[in-house]
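Structural features, examined
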Amino acid sequence: MDIGVIGAGYVGLVTAACFASLGSKVICVDKDREKIKSLKKGKVPIYEPGLEKVVKDGLSKKRLIFTTNINLAVKKSTIIFIAVGTPPKDNGEADLSYVEDVARKIAIEMPSYRLIVEKSTVPIRTGKKIEETVKANNRRRIKFDVASNPEFLREGQAINDFMHPDRIVIGVRSSKARDILTRLYENFKAPIIVTDIESAELIKHASNSFLATKISFMNSISNICEKCGADVIKVAKGMGLDRRIGKDFLSAGVGFGGFCFPKDLEAFIRISENVGYEFDILKAVKKVNDHQKMHFVKKIEEALWILSGKTVTVLGLSFKPNTDDIRYAPSIDIINMLKNEGVKIKVFDPKAMNNAKKVLTAVTFCKDVYSAVRNSDCLAIVTEWNEFKEMDLKRVKRLMRQPLIVDGRNIYNPNIVKKLGFKYIGIGR
Ligand code: NAD
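Residues numbered from 1 in each chain as written. Predicted model: local features only at pLDDT ≥ 70, side-chain atom pairs only at ≥ 80, totals over all residues. Heavy atoms only, no water.

Now for the packing of helix α5 (residues 97-109) against helix α6 (residues 126-137). Here α5 crosses α6 at 40 degrees, and the two axes come no closer than 8 Å. Relative to α6, the element α5 is oriented oblique. Along this stretch, α5 crosses α6, giving a crossing that reads as right-handed. From α5, V99, E100, A103, R104, A107 and I108 reach across to α6, where they touch T126, I130, T133, V134 and N137. (Axes fitted to C-alpha atoms, helices over the stretch in contact; angles between N-to-C directions. Helix = DSSP H or I, 4+ residues; strand = E, 2+ residues; numbered from the N terminus. Parallel < 35°, antiparallel > 145°, perpendicular 65-115°, else oblique. Left-handed = near helix turned anticlockwise from the far one by under 90°. Contact = heavy atoms within 4.5 Å.)

Within the structure, the ligand sits among 25 residues, and D30, K35, T86, E155 and K263 are positioned closest to it. Here an oxygen atom of the ligand sits 2.5 Å away from a polar atom, N or O, in the side chain of D30. Against a free-state accessible area of 820 Å², the protein chains account for coverage of 91% of the ligand. Of all the secondary-structure elements, those providing two or more residues to the shell around the ligand are α1 (10-21) and α5. Tallying contributions element by element places α5 first for the shell around the ligand, with three residues. Here the residues of the shell around the ligand are counted per class, giving 10 nonpolar, six polar and nine charged. In terms of domain composition, the shell around the ligand takes at least three residues from each of domain 1 (2-195) and domain 2 (228-425). (Near = heavy atom within 4 Å. Polar contact = N/O pair within 3.5 Å; in protein donor to acceptor, adjacent residues only side chain to side chain. Areas by Shrake-Rupley, 256 points an atom, 1.4 Å probe, with all protein chains shown as cover. Nonpolar A, V, L, I, M, F, W, Y, C, P; charged D, E, K, R; others polar. Domains from an automatic or database assignment.)

Following the criterion strictly, the structure yields 29 salt bridges and no others. Note that K56 and E52 form a salt bridge whose closest N and O atoms lie 3.4 Å from each other. Here K56 and its partner E52 are both found in helix α3 (residues 51-60), four residues apart, which amounts to about one turn of the helix. Accessibility expressed as a relative area gives 43% for K56, which makes it partly exposed. The salt bridge partner of R409 is E384, with a shortest N-O separation of 3.4 Å. Of this pair, R409 sits in the loop between β13 (404-407) and α18 (414-419) while E384 sits in the loop between β12 (378-381) and α16 (386-389); the two residues are 25 residues apart in sequence, bridging distant segments of the chain. Classification of R409 by relative accessible area gives buried; the value is 18%. Residue E384 is classed as partly exposed on the basis of its relative accessible area, which comes to 25%. A single salt-bridge network, built from bridges that share partners, covers E266, R270, E273, E278, K283, K286 and D290. (Salt bridge = Lys/Arg side-chain N within 4 Å of Asp/Glu carboxyl O. Buried < 20%, exposed > 50% of the residue type's maximum accessible area, 1.4 Å probe, protein only.)

Centre distance and the angle of the planes are the two values used to describe a pair of aromatic rings. Under the definition given, this model contains 11 aromatic pairs. Arranged with centres 6.5 Å apart and planes meeting at 65 degrees, the rings of F19 and F188 form a pair that is edge-to-face. Separated by 169 residues along the polypeptide, F19 in helix α1 and F188 in the loop between α8 (175-184) and β8 (192-195) bring together distant segments of the chain. Neither F19 nor F188 differs from the other in exposure class; each is buried. In textbook terms, an aromatic cluster arises when at least three aromatic residues are bridged by ring pairs, as seen for F19, F81, F162, Y185 and F188. Above the plane of the ring of Y113 lies K176, whose end atom (NZ or CZ) is 3.7 Å from the centre. Positioned above the aromatic ring of Y370 is the side chain of R395, whose terminal nitrogen or guanidinium carbon lies 3.9 Å from the ring centre. (Phe/Tyr/Trp six-rings, centres within 6.5 Å; stacked < 30°, edge-to-face > 60°. Lys NZ or Arg CZ within 6 Å of the ring centre and 35° of its normal.)

Right, let's talk about the domain arrangement of the protein for a bit. Its domain assignment divides the protein into domain 1 (2-195) and domain 2 (228-425). Put simply, the middle of domain 1 and the middle of domain 2, counted by C-alpha atoms, are 33 Å apart. The partner domain 2 presents 19 residues to the 19 residues of domain 1 that form the contact. Carbon and sulfur atoms make up 57% of the surface buried where domain 1 meets domain 2, a total of about 1500 Å² over both sides. Where domain 1 meets domain 2, there are one salt bridge. The salt bridge involving E155 is made with R327; its shortest N-O contact spans 3.7 Å. Between the two partners, domain 1 and domain 2, sit seven residue pairs in polar contact (both at pLDDT 80 or more). Along the lines of polarity and charge, the residues of the side of domain 1 that touches domain 2 split into 10 nonpolar, five polar and four charged. (Buried area = accessible area lost by both parts, 1.4 Å probe.)

Here we take up the environment of V54. Among the structural elements, V54 can be located in helix α3. A relative accessible area of 16% places V54 in the buried class. Those residues in contact with V54 that sit more than four places away from it in its chain are A17, C18, S21 and I159.

Right, here's the structure in full:
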C-alpha cells in the first residue's frame, strides 16, 4: 500500500519504517529540515534500539522516502497517518495546532480519495474536527475518510511493540476506511478492534490513564510500606500474581514521566472537564506522582541532613531505560529541586546526555558512572538502566565521599548493598 506518514518523531518514524519493512511504499514527512537531512542518510536522530537498521533497510530497498514536502506524500499516498506532536498547552489541554495544520494541507493538496488516519494521541472529537477542517478546505469536493488508529508503542521497545501489539484499535465511520485499515494490518498477529472514531480516541486516553493510575497506586502503597515496615516489592509480587491485577506496572519508584503519561493524563482531566465530568481519580493520580518526586528529594535530605553545599550524583536522566527521551522526565524536576536547595549536581546517563544538556544548566555532565560518583555525598538512582545495576559497587564506594545510595528504582538488593558498607535507602522498603 502507498502510505504517507506526517511527523518523523518516535511514533511517526517507527510507523513509517515498520510499514516499509512489511512491504509498503512509505513517504515520511517532517518539517524539521535537519531531521530529514540526517534520515535521508540513514541516520536516526533519536536513540531507539533497532530503529536505525529498519530505516536503513527501507532506504536501501527504496520503500522508504524522507522529505520535508508534505505535498509529495499527499499526492502519492492513499493512506496518510498524522503522527505529529500534540504537546500540552499551559492549561494542560493538548495543543492541536500541528494536527490542524497537517489536516488543512492534506485537504488542499489531495488529488483523489484519501484516508486520513490520526496516529497522534488526541482528545475525543478530534477526528470530527479533522473531518470538518478537511471539508472546509477541500474545494474540489474530493472524497475522503478520517480514521483513528492510536499507537500504543513504548519507547525503548518501539519496534517490537509496533510489530507485535497486544491489539490494534481502528476507529472508523465508513466501511471503506474499515476495509483499508483492516487490510493494512491483516498480517499482524493481534486482535483488531473496530470501533467508532470517538471510542478509539477514548481507548488511548483511558489506557494511558489506567496505566498511570496503576503506577501512582503502587507509589501510594510504597508510602504505606515505608510507614509500617513492609516491602513494596514483595507486596507487588503478591498482588501481581492475581491475574485480574497482572504483574506489569506495579513497580514503585520516583514517579512516571515521558511524553505520554504526564501530558495525556493532564489532557484527559481537561477533556473530562470539557464534557462535564470531574475525573477525581486522575487528579489524585497526578498529585501522587508530583508528590513522589518531592518525597525522593526528602529522602536525600533526611539522609544528608543539610543539603546546601553537598554533592549529589544523579544516575539516569531519560524518563526510562533504553531511550534518550527526557521529556517530562522525573530526573529534571528532581535535579531542579536539589539545585534550589544549593546542592551540587553531577549526572550521567548512557544515552540521554545530549538531550539533557539542552535543558539542564549548572550541573556537571560526567563521562561515566565512576567519574560521576567521585567525591559525591549521595548516589541517587533515578532511571533503572542495566549499566547501573551492573556497576562495580566496591569501586563506587571507594570513590564516594560518603557511601550513601538513595535508590529511586529499587534496582539493588538492600542486604547486599548494606553488606558492602553503604547506607541504603530504597522506595517502599
Ligand atoms: P515527536 O515530538 O517525537 O515527533 C513529532 C514530529 O512531528 C516532530 O519531528 C515534528 O517536527 C513533526 N511535526 C510537527 N508539525 C509538523 C508538520 N506540520 N508537518 C510535518 N511534521 C511536523 O513526538 P512523538 O513522541 O512521536 O509523538 C507524536 C504523537 O504520538 C503524540 O501525540 C504522542 O502523544 C503520541 N504517542 C507518542 C508515543 C511515544 O512513546 N512517544 C507513544 C504513543 C503515542
